[in-house]
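Here is what each chain is made of, one letter per residue.
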Amino acid sequence: QADGKFSSPAVTFETYRQALQTRNTELLWSCYSETFQASLSVDRSQWEQAWREKTEAQLQGELRREIAAEEIINDRIGYLLFDATTLEPRAVSPFFYFIRAPDGWKVTSHLDSVFHRELERAIERGEFTLPGD
């Protein structure tokens with residue numbers, strides 16, 4: 001059963017924002033998929049330390065993001081596209097990728113092999129078309 005904090009990609013992003021605002025690393029960690037957590041090059045305590053050391057300006061850069069579009073590709077994957085004018089720094093990706101876990105939609109990386117596999121299947125089934133196709 002999906003947790004209310006993770007009922008859609010947009011709701012998960014709001015949970016993520018709440019975690020940033022309150023500097024709640026436990027809640028922030030829970031927003032990430034298991035595959036994303038496992039892909040980190042540091043252990044959880046090092047990850048938490050890095051988040052605690054973020055400056056107010058860095059956090060505000062994350063908090064400024066506004067959703068331009070939410071796309072749920074199928075029952076397994078989706079993404080958020082952020083308004084480019086709300087991204088700081090400008091070089092940051094305008095996307096957050098999501099994979100559905102038993103407890104709801106979780107943030108993952110575009111490098112997540114499970115996300116890629118699901119995206120390839122969605123394309124094969126005609127559930128998603130890459131831009132320009």
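Notes on the structure follow.

Rules and cut-offs
- Residues numbered from 1 in each chain as written.
- Predicted model: local features only at pLDDT ≥ 70, side-chain atom pairs only at ≥ 80, totals over all residues.
- Heavy atoms only, no water.
- Helix = DSSP H or I, 4+ residues; strand = E, 2+ residues; numbered from the N terminus.
- Rg over C-alpha atoms; globule rule 2.2 N^0.38 Å.
- Buried < 20%, exposed > 50% of the residue type's maximum accessible area, 1.4 Å probe, protein only.
- Contact = heavy atoms within 4.5 Å.
- Areas by Shrake-Rupley, 256 points an atom, 1.4 Å probe, with all protein chains shown as cover.
- Phe/Tyr/Trp six-rings, centres within 6.5 Å; stacked < 30°, edge-to-face > 60°.
- Lys NZ or Arg CZ within 6 Å of the ring centre and 35° of its normal.
- Salt bridge = Lys/Arg side-chain N within 4 Å of Asp/Glu carboxyl O.

## Describing the overall build of the chain
What the chain contains, in helices and strands, is 6 helices and 4 strands. For the chain, the sequential pattern of α-helices and β-strands runs α-α-α-α-α-β-β-β-β-α. Compactness check: the chain gives a C-alpha radius of gyration of 15 Å against a globular reference of 14 Å for 133 residues, within 12% of the reference. Counting only C-alpha atoms and orienting by the principal axes, one finds that the chain spans roughly 45 × 35 × 30 Å. Counting across all 133 residues of the chain, residues that qualify as buried make up 40%. The contacts of the chain with a sequence gap of at least 6 include a subset with a gap of at least 24, amounting to 48%. Carbon and sulfur atoms provide 50% of the accessible area of the chain, an area that totals close to 7700 Å².

## Quick look at the packing of aromatic side chains
Applying the stated rule across the entire model yields 15 aromatic pairs. Consider the rings of Tyr-16 and Phe-96, whose centres lie 5.3 Å apart with planes at 85 degrees: the pair is edge-to-face. Here Tyr-16, found in helix 1 (residues 9–22), pairs with Phe-96, found in strand 3 (residues 95–101); they are 80 residues apart in sequence, far enough to count as distant. Phe-96 shares its class with Tyr-16; the two are buried. Clustering of aromatic rings is evident, with ring pairs tying together Phe-13, Tyr-16, Trp-29, Tyr-32, Phe-36, Trp-47, Trp-51, Phe-82, Phe-96 and Phe-98. Over the ring of Trp-51 we find Lys-54; its NZ or CZ atom is 4.5 Å from the centre of that ring. Taking NZ or CZ as reference, Arg-65 lies 5.4 Å from the ring centre of Phe-82, over its face.

## Let's talk about the pattern of salt bridges
All told, the structure shown has 10 salt bridges when counted by the stated rule. The partner of Arg-17 in a salt bridge is Glu-14, with the nearest N and O atoms 3.6 Å apart. Here Arg-17 and its partner Glu-14 are both found in helix 1, 3 residues apart, which amounts to about one turn of the helix. Look at Glu-14 and you get partly exposed, because its relative accessible area is 42%. For Lys-106, the salt bridge goes to Asp-103, with nearest N and O atoms at 3.1 Å. Since its relative accessible area comes to 6%, Lys-106 is described here as buried. Looking at Asp-103, the relative accessible area reads 32%, which means it is partly exposed. One continuous salt-bridge network, built from bridges that share partners, spans Glu-26, Arg-44, Glu-48 and Arg-52.

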